[in-house]
2 protein chains.
Amino acid sequence: MKFLHTSDWHLGRHFHNVSLLDDQRQVLNQLIDYITLHPVDALLIAGDIYDRSVPPTTAIELLDDVLTRICQQLHTPVIMIPGNHDGAKRLGFAAQHMQSSGLHIISDFTQMLQPVVLSSEQAGEVAFYGMPYSDPEQVRDAFKNKVSTHDQAHQFLCQQIVDTFNPAQRHVLLSHCFVDGASTSDSERPLSIGGADCVNHQHFLPFDYVALGHLHQPQYKGQEYIRYSGSLMKYSFSEQYHKKGMTLVELNQEGFVSAQPIPLTAPHDMRIIEGELETLLALGQQDPHADDYLLVRLMDKHAILDPMEKLRRVYPNVLHLEKPGMLMDSEQPMGRARLARGELDMFRDFFLEAKQEPLTELQTQAISQVIQSLKNQESN
Amino acid sequence: MKFLHTSDWHLGRHFHNVSLLDDQRQVLNQLIDYITLHPVDALLIAGDIYDRSVPPTTAIELLDDVLTRICQQLHTPVIMIPGNHDGAKRLGFAAQHMQSSGLHIISDFTQMLQPVVLSSEQAGEVAFYGMPYSDPEQVRDAFKNKVSTHDQAHQFLCQQIVDTFNPAQRHVLLSHCFVDGASTSDSERPLSIGGADCVNHQHFLPFDYVALGHLHQPQYKGQEYIRYSGSLMKYSFSEQYHKKGMTLVELNQEGFVSAQPIPLTAPHDMRIIEGELETLLALGQQDPHADDYLLVRLMDKHAILDPMEKLRRVYPNVLHLEKPGMLMDSEQPMGRARLARGELDMFRDFFLEAKQEPLTELQTQAISQVIQSLKNQESN
């Protein structure tokens, strides 16, 4: 049996005020093309389908379209759970009416204990269990127990599921959580303030495969079959070196066989570029991917008039600008950065840039007097 | 063939800051009980399922539960369209995946032209067409035509549907609109500012039955088979004399046979009571329905200290209080009402009520001086 494991689609997400919906659509088209060419037995989505609990209607339409193409046109079952970004009840509306068409949205604990059973010649029957994202309070409330951490909650929920195992079947779990020791990025929202959100991977050992969501970097923890597929695409500059995609999983009668990354390529990469303005502008002319989403670190040590406008003429999708060249490490105890240059030097740079000629001696005296008188006013 | 026609559930509605969800749940339980005892071939909901496009999750859960019981447990198909209060795309998410389980949410024009066909011995095949609520702009945009009013839009959409008629079938339409000349109440949100929202009933004549939603009073227009079922329950005091419920419709091979009202009773009626405070308090002691949702019109001509608190001890669900006794028609040109009593009289009432004794002569002089000095200050 072969299935695709994905997670963290975050449909409807904005990044620095840019909607990523068109990028998401293109990446999902690649996913659909892959399934068309290489049919699989199921597609799993391990939570954070949407970026927020009340998603924009454009994101709802995109998901609707994608699910119709996968379930109805390609006849590939889809199994998904809500993540911490999703609204479980909202996402799970009418889920029971969708099962017969192969769409399985597992959004409550009752459904958690009723696996979706698929079968193939190679692996026999495989039971897919979805553990909807839930914090310890929800587990405590639903099961009237005393779990107080994410770890205890997952231990308890895993045990509930393991107790129902049919030994004749293989067992796959979808879960959205933070496995202890795994690598984070800047685009995951913490599950708990204070860090009590870690889950020990040991709870997952009884399964044949665990399709995890939440962390945006593809990785496995403890065992090769306890894996994060990583997010659909990059959602922060901290992910610039991540290899995004899905995971193609193979099982047989004995259980886990292999997990193989299948890359997905976003139309705009998310990168950090660094250098002096003139150098970057020259490089940009030759850059075939100049329309990537960029964080630019300007290393120039003098002030520049409207650098964003200049950069965007060459790199249309500069989303954020940092000027480390203009800052220096402060010697203050808090390590706070401060401007390295005085007002007169700043004005001199500005004048040169705006007028294309240097300040004269007389102009220098005049502006010095203005600065001094402003400073006097300030200190009074 | 027998089916139930309902509309305007408005799940999640609040009325004077009171959630009506528990009332709605009880009324829907009656609906389910009816279908359990008297099986029907389908349940139609002609729009305004929810009260707003982003409903609260409690309303989503209620609808989910009701639909599961009707479709999955009672095996009764449900056919619905969004109304002007619903978010069509939000309500219609994954609708294609639900059809095979008998849940039909018709939320776009493509689905409008693909009827849900049900059949019975008595009526043969019956095609149910749903016309999702849409304003003229949406119709113009979707069909690249020039309709500019609700009437033109409905004429056009009806013609689109009629053109696909299979003469071997009977034809039922669900639509959410304001048919010209029909009776309104205070709880419908106008479809168009300025009144260009009227639709001529003539467009609907080719159908065998037209299940209308939007107006909250049960009624028919033009022909007995072009009907509003009215809302699930009362949603304003202006509906106090409405008979709420559903409409049981019967069709045979020749078409429309009958439409019969089936009452639904809300746990709290919505009523207006009128009289002097002491009378109303005395009547309330004997009133078995004292917990109804009430608008109270106090006819007392003198001021009363905290009448709401006094009333709520007897009538716990007084939602609104009017004091026509304290007002009189003004003779000002704008007909604006004003307080009929002077400050001294008002204070005299208040003092009597608070202290249980009348003002003495000395107290009257003192308060008169205070009032006069305040008035002098005001006019300076």
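Position labels on residues start from 1 in each chain and follow its written sequence. Chain letters and ligand numbers both follow the written order, the letters beginning at A and the numbers at 1. At least 70 in pLDDT is required for a residue's local features to be given in this predicted model, at least 80 for side-chain atom pairs to be given and counted, and no such filter applies to totals for whole chains, interfaces and linings, which use all residues. Calculation of side-chain values draws on the structure's entire complement of heavy atoms; hydrogens and water are dropped beforehand.

Some remarks on the overall build of chain A
Part 1: Helix and strand definitions follow DSSP, with helices as H or I runs of at least four residues and strands as E runs of at least two, each counted in order from the N terminus. Along the backbone of chain A there are ten helices and 21 strands.
Part 2: In this setup the radius of gyration rests on C-alpha atoms only. A globule is expected at 2.2 Å times the number of residues raised to 0.38. On C-alpha atoms alone, chain A measures out to a radius of gyration of 26 Å, which is more than a quarter above the 21 Å that the 2.2 N^0.38 rule sets for 380 residues.
Part 3: Taken along the three principal axes of its C-alpha coordinates, chain A extends 90 × 50 × 35 Å.
Part 4: For every residue, the accessible area (1.4 Å probe, protein chains only) is compared with the maximum for its type, and the residue is labelled buried under 20%, exposed over 50%, or partly exposed between those bounds. Here chain A, with 380 residues, has 51% of them falling under the buried criterion.
Part 5: Residue contacts follow a heavy-atom distance rule, with two residues in contact if any of their heavy atoms lie within 4.5 Å. Summarising the internal contacts of chain A: among those between residues at least 6 apart in sequence, 67% fall at separations of at least 24.
Part 6: Per-residue and other accessible areas were derived by the Shrake-Rupley procedure at a 1.4 Å probe size, with only the shown protein chains allowed to occlude residues. Looking at chain A as shown, the accessible area adds up to about 17,900 Å², and 49% of this sits on carbon and sulfur atoms.

Some thoughts on the relation of the copies chain B and chain A
Part 1: Overlaid copies result from least-squares superposition on C-alpha atoms, with residues included only where pLDDT is at least 70 in both. Once chain B has been moved 0.1 Å along the axis and rotated by 180°, it coincides with chain A to within an RMSD of 0.1 Å. Both copies are brought into coincidence by an operation consistent with a two-fold rotation axis. No C-alpha of chain B approaches the rotation axis more nearly than that of Met98(B), which lies at 2.4 Å.
Part 2: A shared binding surface is used by both copies, with 100% of the interface residues of chain B retained as interface residues in chain A.

With respect to the sheet that holds strand β12 (residues 209-213) of chain A
Residue and element names in this part refer to chain A.
Part 1: At least two bridges found by DSSP between two strands are what make those strands a pair. Strand order across the open sheet formed by six strands is β7-β8-β9-β12-β14-β13, with mixed pairing between neighbours. Two strands in the sheet have a free side with no partner beyond their single neighbour: β7 (116-120) and β13 (219-220).
Part 2: Here β12 runs beside strand β14 (residues 226-228); their pairing, made up of three bridges, is parallel. Its bridge partner lying in β14, Val 210 is registered against Ile 226.

Concerning the interface of chain B and chain A
Part 1: Each side of the interface is counted separately: chain B has 25 residues, and chain A has 25 residues.
Part 2: Here the buried area means the combined drop in accessible surface, using a 1.4 Å probe, for two parts upon being joined, counting both sides. For the pair chain B and chain A, the two sides together bury roughly 2,200 Å², of which 60% comes from carbon and sulfur.
Part 3: Looking at the side of chain B facing chain A, the largest losses of area belong to Arg90(B), Phe93(B) and His97(B), adding up to 35% of the total buried there.
Part 4: We define a salt bridge as a side-chain nitrogen of Lys or Arg found within 4 Å of a carboxyl oxygen belonging to Asp or Glu. Put simply, chain B and chain A have two salt bridges between them.
Part 5: Ionic pairing is found between Lys89(A) and Glu61(B), a salt bridge with its closest N-O pair at 3.6 Å.
Part 6: Pairs of N or O atoms are called polar contacts if they sit within 3.5 Å, as long as, within protein, a hydrogen donor faces a hydrogen acceptor (for residues adjacent in sequence, only side-chain-to-side-chain pairs). At the surface where chain B touches chain A, the tally comes to ten residue pairs in polar contact (both at pLDDT 80 or more).
Part 7: For the side of chain B that touches chain A, the elements supplying multiple residues, two or more each, are α2 (57-73), α3 (88-91) and β6 (103-105) of chain B.
Part 8: Counting residues per element, the side of chain B that touches chain A draws most heavily on α2(B), which supplies nine residues.
Part 9: Put simply, Ala, Val, Leu, Ile, Met, Phe, Trp, Tyr, Cys and Pro go in the nonpolar bin, Asp, Glu, Lys and Arg in the charged bin, and everything else, Gly too, in the polar bin. Split by residue class, the side of chain B that touches chain A holds 13 nonpolar, eight polar and four charged.

Some details on helix α9 (residues 343-355) of chain B
Part 1: Here the expected span of a helix is defined as 1.5 Å times the quantity of residues minus one. For α9(B), spanning 13 residues, the distance from its first C-alpha to its last is 18 Å, which sits close to the expected 18 Å at 1.5 Å a residue.
Part 2: The first or second residue beyond α9(B) is Gln356(B), which carries a positive phi of 60°.

Some points on the sheet that holds strand β17 (residues 270-275) of chain A
Residue and element names in this part refer to chain A.
Part 1: Strand order in this open sheet of three strands is β17-β18-β19, and the pairing throughout is parallel. Unpaired on one side and paired on the other, β17 and β19 (318-322) mark the two borders of the sheet. When the angles between neighbouring strand axes are averaged without regard to direction, this sheet yields 20°.
Part 2: Sheet topology note: the β17/strand β18 (residues 293-298) ladder contains six bridges and is parallel. Bridging from a neighbouring strand, Glu 274 pairs with Arg 297 of β18. Axis definition: a line fitted to C-alpha atoms, limited for helices to the stretch in contact. Angles are taken between N-to-C directions and run from 0 to 180 degrees.

A short note on the pattern of salt bridges
Part 1: Counted by the stated rule, this structure contains 32 salt bridges over all chains.
Part 2: Residues Asp287(A) and Arg271(A) are paired through a salt bridge, measuring 3.1 Å at the closest nitrogen-oxygen approach. Taken together, the positions of Asp287(A) in the loop between α7 (277-286) and β18 and Arg271(A) in strand β17 put the pair 16 residues apart, joining distant regions of the chain.
Part 3: Residues Arg170(B) and Asp208(B) are paired through a salt bridge, measuring 3.3 Å at the closest nitrogen-oxygen approach. In this pair, Arg170(B) is assigned in strand β9 (residues 170-176) and Asp208(B) in the loop between β11 (198-199) and β12 (209-213), connecting sequence segments 38 residues apart.
Part 4: Via salt bridges that share partners, Arg271(A), Asp287(A) and Asp292(A) belong to a single interconnected network.

Points about the layout of surface pockets
Empty pockets left among the atoms are what a rolling probe the size of a water molecule brings to light.
Part 1: Any residue with an atom within 4 Å of a point lines the site, the site being either a cavity, points on a 1 Å grid over the protein atoms alone where a 1.4 Å probe fits but cannot get out, or a pocket, an open set with protein on both sides within 12 Å along at least 5 of 7 lines. Grid points are joined across faces, edges and corners, and a volume is the space filled by probe spheres set on the points. In this structure, the largest pocket spans a volume of roughly 760 Å³.
Part 2: Every residue lining the largest pocket is counted, 31 residues in all, and those nearest its centre are Lys89(A), Ser107(A), Asp108(A), Phe109(A) and Gln111(A).
Part 3: For the lining of the largest pocket, the elements supplying multiple residues, two or more each, are α3 (88-91), β6 (103-105), α4 (109-112) and α5 (136-143) of chain A together with α2 of chain B.
Part 4: The biggest single contributor to the lining of the largest pocket is α2(B), with seven residues.

What about empty space enclosed by the protein?
Part 1: Counted under the stated rule, the structure contains one cavity of 30 Å³ or more.
Part 2: Of the volumes computed, that of the largest cavity is approximately 300 Å³.
Part 3: Of all elements in the fold, only α3 of chain A together with α3 of chain B reach the threshold of two or more residues within the lining of the largest cavity.
Part 4: A class-by-class count of the residues in the lining of the largest cavity yields twelve nonpolar, four polar and five charged.

As for the packing of α7(A) against helix α8 (residues 307-314) of chain A
Residue and element names in this part refer to chain A.
Part 1: Two elements in contact, α7 and α8, have axes whose closest approach is 9 Å; the angle formed by their N-to-C orientations is 20°. In this view, α7 runs roughly parallel relative to α8, as classed from their interaxial angle. Considering how the two elements wind past one another, α7 and α8 form a crossing that is left-handed. Where α7 approaches α8, its residues Leu 277, Leu 281, Gly 284 and Gln 285 are matched on the opposing element by Lys 310, Leu 311 and Val 314.
Part 2: A class-by-class count of the residues in the contact of α7 with α8 yields four nonpolar, two polar and one charged. Angles below 35 degrees are treated as roughly parallel, those above 145 as roughly antiparallel, those between 65 and 115 as roughly perpendicular, and all remaining angles as oblique. Take the far helix as the reference: if the near one is turned anticlockwise from it by less than a right angle, the crossing is left-handed, and if turned clockwise, right-handed.

Brief notes about the state of the cysteines
Part 1: In this description, the term disulfide denotes a pair of cysteine sulfurs within 2.5 Å. On inspection of all chains with the given rule, the structure shows zero disulfides over all chains.
Part 2: Looking at Cys158(A), it has no disulfide partner, and the nearest cysteine sulfur is the one in Cys177(A), 8.1 Å off.
Part 3: Here Cys71(B) is not cross-linked by a disulfide; its sulfur's nearest cysteine counterpart is in Cys71(A), at 19 Å.

Focus: the nonpolar core
Part 1: Take the buried Ala, Val, Leu, Ile, Met, Phe, Trp, Tyr and Cys residues and link them wherever side-chain atoms come within 4.5 Å; each set so joined is a nonpolar core. Grouped together as the largest cluster of nonpolar side chains are 92 residues, with contacts concentrated most on Trp9(A) and Trp9(B).
Part 2: Setting aside chain neighbours within four positions, we find Trp9(A) in contact with Gln24(A), Leu28(A), Leu31(A), Leu43(A), Ile45(A), Gly47(A), Asp48(A), Ile49(A), Leu63(A), Val66(A), Leu232(A) and Tyr235(A).
Part 3: In terms of nonpolar packing, the next biggest core, distinct from the first, is built from 46 residues, Ala123(A), Val172(A), Phe207(A) and Tyr228(A) among them.

Function cannot be inferred from these measures alone, as they are strictly geometric.
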